[in-house]
Amino acid sequence: MTATERPILQIVGYKNSGKTTLLCALVRKFRAEGFTVAAIKHDAHDFAFDRPGTDTWKMAEAGAGFVAITSPHRTAWTSSRPASLDDLAGQAAHADLVLAEGFKDAPHPKLVLLRGEEDLPLLGLPNAAAAIVPDGWMPRAAVMPVFCRDDVDSIFSFVRTLLP
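Every value quoted in this text rests on a predicted model; they were computed, and no experiment measured them. (Residues numbered from 1 in each chain as written. Predicted model: local features only at pLDDT ≥ 70, side-chain atom pairs only at ≥ 80, totals over all residues. Heavy atoms only, no water.)

Engineer: Go over the nonpolar core with me, naming the residues and quoting the values.
Structural biologist: By size, the foremost hydrophobic cluster in this structure holds 21 residues, and its most contacted members are Leu22, Leu26, Phe30, Leu111 and Ile155. Contributing elements (two or more residues each) for this core: β1 (8-13), α1 (19-32), β5 (97-101), β6 (110-113), β7 (128-133) and α4 (152-162). For Leu26, the residues in contact, after removing those within four places along its chain, are Leu9, Ile11, Leu99, Leu111, Ile155 and Phe156. Of all hydrophobic cores here, the second largest spans 11 residues; its members include Leu85, Ala89, Ala95 and Phe103. (Core = buried A, V, L, I, M, F, W, Y, C linked by side-chain atoms within 4.5 Å. Buried < 20%, exposed > 50% of the residue type's maximum accessible area, 1.4 Å probe, protein only. Helix = DSSP H or I, 4+ residues; strand = E, 2+ residues; numbered from the N terminus. Contact = heavy atoms within 4.5 Å.)

Engineer: Describe α4, with residues and values.
Structural biologist: Within the sequence span of α4, burial applies to Val152, Ile155, Phe156, Phe158 and Val159. Down the axis of α4, the sector holding all buried residues measures 165 degrees, keeping them to one side. For α4, the secondary structure elements touched by its buried residues are β1, α1, β6, β7 and β8 (146-148). (Arc of directions from axis to C-beta.)

Engineer: Can you lay out unusual backbone geometry for me, pointing to particular residues and giving the numbers?
Structural biologist: Positioned with a positive phi, Asn16 is a non-glycine residue whose angle comes to about 65 degrees. With respect to the helices, strands and loops of the structure, Asn16 is situated in the loop between β1 and α1. Of note, the phi angle at Phe103 is positive, near 60 degrees, even though the residue is not glycine. Inspection of the secondary structure puts Phe103 in the loop between β5 and β6.

These figures capture arrangement, not role.
Given below as structure tokens:
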């Protein structure tokens, strides 16, 4: 299955809107149904993936543009250049589904997490499929399904309708 055939769902919103919490809850739900799930996160800033002093950190510090490590149980790699969501999803050939945090401009269905009225412009993102809001608040301008952030069961049921 190629990255374009594999379902990709984006979870987008501003900082502290609950993106990671929702993504992890959805991973658990899909895993409980037997799905293999890939999770991909976009960071708008720089990040530290390795720890100073490890062999892989030393390799990257020496100038290696791509560093990988593998063991009998897992593999990790880092690259000194950015990658698109579709490129990263292509690396997850074993997954049935890709859940992505961020990548606001990518062309996949999105759950848009809103903290309040100030976040409403996010509903204009391409392929916004549903608004996820704090309990007790209903956005006036929503022209799509709206779910309470804590109602993971309903969000999960809706997401299942988006999958082939």
